[in-house]
Each structure stands twice: as C-alpha cells, then as structure tokens.
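Single-letter residue listing:
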Amino acid sequence: MENKLSLEEIVSFCKRRGFIFQSSEIYGGLQGVYDYGPLGTELKNNLRAAWWRAMVYERDDIEGLDTTILTHPLTLRHSGHEDTFCDQMVDCCDCKARMRADGLAGGKCEKCGSAKLTAPRPFNLMFKTNFGPVDDGSSYAYLRPETAQGIFVNFKNIMDATSKKLPFGVAQTGKAFRNEVTPKNFLFRVREFEQMELEFFVEPGTDDQWHQKWVQERFDWWIKQGLAPENLKLQKQTAGELAHYSKATTDILFKFPHGFEELEGIANRTDFDLGSHTKTQDEQKFTARVNPNKDSNAQLAVQGAKDNRPIVPFVIEPSAGLDRGVLAVLTQAYTKEVLEKGQERIVLKLKPHLAPVKAAVAPLARNNEKITAKAKQVKQALLGLGIGRIKYEDTGNIGKAYRRNDEIGTPLCLTVDFDTLEDPKETITVRHRDSMKQERVAIADLGNFVKNYFSS
Ligand code: ATP
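Residues numbered from 1 in each chain as written. Predicted model: local features only at pLDDT ≥ 70, side-chain atom pairs only at ≥ 80, totals over all residues. Heavy atoms only, no water.

Examining the overall build of the chain
Next up, step 1: When you go through the chain residue by residue, the secondary structure sums to 13 helices and 24 strands.
Next up, step 2: For the chain, the spread of C-alpha atoms along the principal axes amounts to about 85 × 65 × 50 Å.
Next up, step 3: Taking all 456 residues of the chain together, 50% fall into the buried category.
Next up, step 4: In the chain, of all internal contacts separated by at least 6 residues, the share reaching a separation of at least 24 is 63%.
Next up, step 5: When the accessible area of the chain is evaluated, it comes to approximately 22,100 Å², of which 49% is carbon and sulfur surface.
Next up, step 6: In the chain, 63 positive and 62 negative side-chain charges are present, and the distance between their average locations comes to 3 Å. (Helix = DSSP H or I, 4+ residues; strand = E, 2+ residues; numbered from the N terminus. Buried < 20%, exposed > 50% of the residue type's maximum accessible area, 1.4 Å probe, protein only. Contact = heavy atoms within 4.5 Å. Areas by Shrake-Rupley, 256 points an atom, 1.4 Å probe, with all protein chains shown as cover. Lys, Arg positive; Asp, Glu negative; His and termini not counted. Charge placed at Lys NZ, Arg CZ, Asp CG, Glu CD.)

Listed below in structure tokens is the structure:
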C-alpha cells in the first residue's frame, strides 16, 4: 500500500481520538515530549507486551530486567557516554536558532534559511540532575540515555542469580532521556522516550553470525506487528555513523510520513561495555575500552567453555524505540476508504493483538433491560478471557458505534439484539472491522470464537 499520509493528519487524529497529546499543552506545551491518552496507552502497552512475549516468554535463553532511570555518574563515565554521547550542533548567526549539524539541507539554517552558521561543536545529550538534598552541583546523577547500561552493570548479579550459559540475553523496556538539539517529527525524535532493548551475550568469534541472526529476527518481528515489508528497509551504518561502542550496526528503517528513518538499530557492541565496567587488571585487554577502570569492583566475565579462563562475552544489541514503533504501526494502519454511497470511512487496520480495544459489546436498545443485562454479561465473559480491554458501548446508534470503533481499530463489534433474546441459541451479531462483514455467533460459542480470532 502506498503511504501518502501526512504527519499533520496523524498528529490531529491522535489528539482527536485520544491516542497522543502534546505534554503540558495547556501551558503552551513542553517541546519534544508527549503524553499518551487513553487509547495510546493501550496501544503502547500492547506493543511493549508483544515485544516482551517474543523476547522473554517465547524463548528460554533470555531473562527480563527492570533497572532504574537514575544512573550513577561512574556508570556513564566508563560506558563512554560522558565523553562521547554528543551530537554536533550549530547556531544560526542571524535568527539564533540552534540545530543539529547533520542533515541540514545545503548547509543552511532550517528555520530562516541563512547560510551564516557557527562551526559545529559537540553537545552532550544527557540530562543531569541533582541527587540528594544538597544543591551545590557536587552530587548528581544522570537520567539514563539508554536502558542498556542497567543490564551491563547488573551482569554479575544476573549470572549469580540465574547461572546462565552463553549464549543468553537480558531484555529490558523502559524510559530513556536525550536532550535532543532539535526534537521533531512528532514521536519520532523526542526528549523522553521508551526503548525496548535486548543485550544478547555470545562467545567472541560467534558475534558476526549472531548479529545477522538478530537482524533477521527483528525484521520479521516488525512484519508480525503489521508493518508492510515494502515500508521496511535494512541499512548498514557507515564507519562514520557508528556509535563509540559499535563494531557494526544495521538499522531497520521504516517509511514514516516524513520519509524512511530508523526504527530500530541492531549493534555489535563487542566486549566494549562489559570490558569498560570491569576493574582494570594488567593482563586484560578489551577491544575498545575508553577509560581504564579503577572504580568498579567487579570482573564482568564468564568462564570459557574450553578452559577455565574468564572470557568477556561479546554483545549483540537489538535496540528499538517503542514510541517510534507506535508511530510506525499507527501510520501503517491508518486507512481511508470510500464506501459504496461515497462516504469516507477511516479505519485503523491494526493487528488484533495491538488494538487498544479488542471488542466492543453493544446493546441494540439501550433502554431494554434484558438486552443491556445480556450485553453486560457478554462483556464480563469476554473480559475473563484475558485478551485485553473489552468495552461496553452504551449507545443508541449502532452505525455510529461501528464507525467510532473502526477509527480506533477495534477488530470486533458484538451486538445483542431482540433476536438474541428469542433465539434458543442466544446468537449475537459479530461485525468485523476490516471487511465490515457480519455473522451470528451463539453466546455459548463466543469464548472459543474470540480466542481463535485473537490467536490466529
Ligand atoms: P538517531 O540516529 O535517530 O538519533 P540513534 O541511532 O541515536 O537514533 P540509538 O541510540 O540506536 O538511536 O537508540 C535505539 C533506538 O531508540 C532507536 O532506533 C530509536 O528507535 C530510539 N530512539 C533513539 N533516540 C530517540 C529519540 N530522540 N526519540 C525517539 N526514539 C528514539
């Protein structure tokens, strides 16, 4: 499907339907941060849950973790972030706007078009905050710029607690913060966002192979979330683009409304991080450690399979942005259709497992107590399946309820009507979002019907 949706349209749709709002909007908005509304929260939770299921529940070689946002300064010193986690920034000498130096069209100011720009200079992207009651700058912590470091500094704890053998991974989802010079393109480049990161530890020498494998796994996973293969692309980063810790990185790009851009990066971080957080011992040589480490009290290593000498595993890291993921699945799903009578229908063709509301249950007559009681009973029964949010639609107008639910991506609408009461089988109408086809299903069969629908 050719995707001609503009970013403005998706932004206004997200506000109108309660998916995403500008943060602190009533005070003029805080630039580069967004709040998730009632439906956006469900969608984001569902995408995160799908990732967690694929990473942690469906495999036995990955464990989950949940570490803090506030991060010890030494963690981010030895990880290299204090020194190198920077973007090149320029100022416009005419309008004083500040922007990222890379990607400027024709080397001109993106606000006023002036060619008078300062020379690029590095700008560290980390947020620093006071830590504890004394506000004299001596006691501080960082808000983590990536969730990964929480995994690396807990490596020994995880090994001690789980006795994992290589290869194995640790998965984490959570907030990350970057003081982006120019936040833009809605959820795409923001200052507070969520990441879904896996650190997969492997024997050195097997890393290239595992890297390839994870690129393919992650590409396939995004397709399972409904992204069309023609809207996805793999792109290897050039030597100049690689982060300080990476030997090789392949990005998965998605065709966002503003163009093909990174949705997820899969990096070969080598032994850089575990090596950097390991107390320096003369005989230990790691691939690319930045700072000799006298601060750590740990050796982050495992026993080698061949002899008992400790080896520092290499790490393959698939790192995805949850907010970019939400924007991608929304963009892909948002569809405008012209119906027979010329009316327009907006339908959000989300994969059922991502839909904010799984099913809407409506009584055809909201003043008929028998019908409303039956509809409420159906809602309770479906809720018991544990598939997610089931909504009781207290509406008198079924046509409007269908359209509203199409627009927010509800895959099934179930209507209890007068026939339900009379029919010995107690059938109700099940209406499908994408085809708009309707069928009658007996209430007694509904549990199986819905379960099959959501597992197929
Ligand atoms: P970019 O080149 O777009 O700045 P990056 O290469 O710095 O991204 P990584 O450090 O690889 O990004 O982070 C992993 C993932 O986190 C990215 O693929 C992206 O999905 C997400 N991410 C990174 N920065 C942001 C941001 N400012 N806003 C939203 N998501 C982000």
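Focus on the packing of helix α2 (residues 38-57) against helix α7 (residues 207-224)
Next up, step 1: Running from N to C, α2 and α7 point in directions that differ by 140°, and their axes come no closer than 12 Å. On the basis of their axis angle, the class for α2 and α7 is oblique. The element α2 and its partner α7 pack so that their crossing is right-handed. Contacts from L47, A50, W51, A54 and M55 in α2 reach W214, R218, W221 and W222 in α7.
Next up, step 2: Of the residues contributing to the contact of α2 with α7, the split by class is eight nonpolar, no polar and one charged. (Axes fitted to C-alpha atoms, helices over the stretch in contact; angles between N-to-C directions. Parallel < 35°, antiparallel > 145°, perpendicular 65-115°, else oblique. Left-handed = near helix turned anticlockwise from the far one by under 90°. Nonpolar A, V, L, I, M, F, W, Y, C, P; charged D, E, K, R; others polar.)

Examining unusual backbone geometry
Next up, step 1: With omega at -10°, the peptide bond leading from L166 into P167 counts as cis.
Next up, step 2: A positive phi is found at F186, a non-glycine position, where the angle reads about 60°.
Next up, step 3: Considering the arrangement of structural elements, one finds F186 in the loop between β10 (168-177) and β11 (192-202).

Examining empty space enclosed by the protein
The rolling of a water-molecule-sized probe over the atoms marks out the regions of remaining empty space.
Next up, step 1: Tallied over the full model, the rule gives two cavities of 30 Å³ or more.
Next up, step 2: In this structure, the largest cavity occupies an estimated 40 Å³ of space.
Next up, step 3: In this structure, the largest cavity is lined by Y34, Y36, K44, K175, L187, V190, E192 and D323.
Next up, step 4: Its residues placed into classes, the lining of the largest cavity shows four nonpolar, no polar and four charged.
Next up, step 5: By volume, the second largest cavity is sized at about 30 Å³. (1 Å grid on protein atoms, 1.4 Å probe; cavity = no way out; pocket = protein on both sides within 12 Å on 5 of 7 lines; lining within 4 Å. Points joined across faces, edges and corners; volume = space filled by probe spheres on them.)

Observations concerning the domain arrangement of the chain
Next up, step 1: You can read the domains of the chain as domain 1 (7-80 + 127-137 + 146-330), domain 2 (86-124) and domain 3 (357-455).
Next up, step 2: With centres defined by C-alpha atoms, the gap from domain 1 to domain 3 works out at 39 Å.
Next up, step 3: For the pair domain 1 and domain 3, the summed buried area comes to about 570 Å², and 52% of that belongs to carbon and sulfur atoms.
Next up, step 4: Among the residues of domain 1 in contact with domain 3, R17, L39 and E42 are the three that bury the most area, contributing 62% of the side total.
Next up, step 5: Connecting domain 1 to domain 3 are two salt bridges.
Next up, step 6: Measuring nitrogen to oxygen at the nearest pair gives 2.7 Å for the salt bridge that ties E407 to R16.
Next up, step 7: Linking domain 1 to domain 3 there are two residue pairs in polar contact (both at pLDDT 80 or more).
Next up, step 8: Every element with two or more residues in the side of domain 1 that touches domain 3 is listed here: α1 (7-16) and α2.
Next up, step 9: For the side of domain 1 that touches domain 3, the element with the most residues is α2, which contributes three residues. (Domains from an automatic or database assignment. Buried area = accessible area lost by both parts, 1.4 Å probe. Salt bridge = Lys/Arg side-chain N within 4 Å of Asp/Glu carboxyl O. Polar contact = N/O pair within 3.5 Å; in protein donor to acceptor, adjacent residues only side chain to side chain.)

So, the side chain of T278
Next up, step 1: For T278, the location among the structural elements is in the loop between α8 (272-276) and β15 (302-303).
Next up, step 2: Relative accessible area serves as the criterion here: at 0%, T278 is assigned to the buried category.
Next up, step 3: A polar side-chain atom of T278 sits 2.8 Å from the main-chain carbonyl oxygen of L274.
Next up, step 4: A distance of 3.0 Å separates a polar side-chain atom of T278 from the backbone nitrogen of L300.

Here's the deal with the sheet that holds strand β8 (residues 127-130)
Next up, step 1: Spatial ordering of the open sheet is given by β4-β9-β8, a layout of three strands whose pairing is antiparallel. What marks the edges here is a single partner per strand, and that holds for β4 (70-71) and β8.
Next up, step 2: Taken together, the four bridges between β8 and strand β9 (residues 140-143) define a ladder with antiparallel strand orientation. Directly across from K128, in β9, lies its bridge partner Y142. (Pairing = 2+ DSSP bridges.)

A few points about the nonpolar core
For soluble globular proteins, the rule of thumb is that nonpolar side chains tend to be buried together.
Next up, step 1: If you look at the biggest cluster of nonpolar residues, it comprises 54 residues, and the most contacted ones within it are I10, F19, I20, W214, W222 and L330.
Next up, step 2: Discounting chain neighbours no more than four positions away, the residues touching F19 are F13, C14, D35, Y36, G37, L39, G40, L43, L330, L348, P356 and I408.
Next up, step 3: If you look at the next biggest cluster of nonpolar residues, it comprises 20 residues, including Y392, V416, V430 and L446. (Core = buried A, V, L, I, M, F, W, Y, C linked by side-chain atoms within 4.5 Å.)

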